[in-house]
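Listed below are the residues making up each chain.
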Amino acid sequence: MQVHVPGKIMLSGEYAVLYGGTAVLVPVPRYLTVTAVEEPDLDNTTPVISEALKQPIPEIHSQEKDLPTLHVNVDRSEFLYAGPDGIEHKLGLGGSAAEAVAIIALRFERCGFDWTTIPKKIHTYADQAHRRAQGGLGSGADVAVIAYRQPIRFRREGDQSLVDVIEKPASHLIPKLTLLWTGEPAN
């Protein structure tokens, strides 16, 4: 069993959203893939994956207790760029957010739920796990756009995430965009 989740690009509001403002994000067609496996791949486990694997999900608790322990393999290759020097660089597409969403989605899929039809639930549980793993830092906007897999406007009021899916963006308002990597990480 596998789940593929997209990466994300924040078009505007990256820092404003941390102070109650609105961010606009879009998913991008670069995918993180999580596969259920029989044996754990300890090299692939991150704090986000650990938190997402143990995240309480009441809707599937009874089904999960009858299933074997979930172990996963994570393919992050589309979220990385190997430079001419052979060193891999993160592309800033929301890798840890994608991990949280993918693990929660895989858990729902394993219990017979189509995760693509329940983005709000996926976002809620993935956001909780992601926030715990990151010590409560961040807005959760990246988790939301990856869970919804559609362009969104996002803001946070206290502990509440407000997600507005942009169903049909007015194409005349969206400039032509080309995404490229400069070869230098932002940090």
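Up top is the structure.
The sections below set out a description of the structure shown in this document. (Residues numbered from 1 in each chain as written. Predicted model: local features only at pLDDT ≥ 70, side-chain atom pairs only at ≥ 80, totals over all residues. Heavy atoms only, no water.)

Counting its secondary structure elements, the chain contains five helices and seven strands. In sequence order, the chain lays out its α and β elements as β-β-α-α-β-β-β-α-α-α-β-β. The buried share of the chain, taken over its 187 residues, is 37%. In the chain, once contacts between residues fewer than 6 apart in sequence are set aside, the share between residues at least 24 apart is 68%. (Helix = DSSP H or I, 4+ residues; strand = E, 2+ residues; numbered from the N terminus. Buried < 20%, exposed > 50% of the residue type's maximum accessible area, 1.4 Å probe, protein only. Contact = heavy atoms within 4.5 Å.)

Contact geometry of helix α4 (residues 119–133) with helix α5 (residues 141–148) gives a least axis separation of 9 Å together with a crossing angle of 150 degrees. Taken as a pair, α4 and α5 cross one another with a handedness that is right-handed. Taking contact as the criterion, the partners of Pro119, Lys120, Ile122, His123, Ala126, Asp127 and His130 in α4 are, on α5, Asp142, Val143, Ala144, Ala147 and Tyr148. Per-class residue counts for the contact of α4 with α5 are seven nonpolar, two polar and three charged. (Axes fitted to C-alpha atoms, helices over the stretch in contact; angles between N-to-C directions. Left-handed = near helix turned anticlockwise from the far one by under 90°. Nonpolar A, V, L, I, M, F, W, Y, C, P; charged D, E, K, R; others polar.)

On to the nonpolar core. Core analysis: the largest hydrophobic core is formed by 45 residues, its most contacted members being Val5, Val101 and Ile122. Looking at this core, the elements that each hand over two or more residues are β1 (2–12), β2 (23–37), α1 (47–54), β3 (71–75), α3 (95–110), α4, α5 and β6 (152–157). Take this core: its biggest share by element is ten residues, from α3. When near neighbours in sequence (up to four residues on either side) are disregarded, isoleucine 122 contacts Val101, Ile104, Ala105, Phe108, Trp115 and Ala147. (Core = buried A, V, L, I, M, F, W, Y, C linked by side-chain atoms within 4.5 Å.)

This part covers the pattern of salt bridges. In the structure shown here, the tally under the stated rule is eight salt bridges. When the shortest N-O distance is used, the salt bridge between glutamate 51 and arginine 132 registers 2.7 Å. Here arginine 132 lies in helix α4 and glutamate 51 lies in helix α1, a separation of 81 residues in the sequence. Looking at glutamate 51, the relative accessible area reads 16%, which means it is buried. (Salt bridge = Lys/Arg side-chain N within 4 Å of Asp/Glu carboxyl O.)

Moving on to a nonpolar patch on the surface. Together, Tyr15, Leu18 and Tyr19 make up an exposed nonpolar region whose accessible area comes to about 440 Å². Secondary-structure assignment places tyrosine 19 in the loop between β1 and β2. Look at tyrosine 19 and you get exposed, because its relative accessible area is 73%. (Patch = residues over 30% accessible without salt bridge, like charges linked within 9 Å, V, L, I, M, F, W, Y side chains within 5 Å. Areas by Shrake-Rupley, 256 points an atom, 1.4 Å probe, with all protein chains shown as cover.)

The terminal C-alpha atoms of α3 lie 22 Å apart, and with 16 residues this matches the ideal 22 Å at 1.5 Å per residue to within 8%. In terms of burial, α3 is largely enclosed, as twelve of its 16 residues are buried. All of the buried residues in α3 are Ala97, Ala98, Glu99, Ala100, Val101, Ala102, Ile103, Ile104, Ala105, Leu106, Arg107 and Phe108. Trailing α3 by a residue or two, glycine 112 shows a phi angle of about 90 degrees, which is positive. (Expected span 1.5 Å × (residues − 1).)

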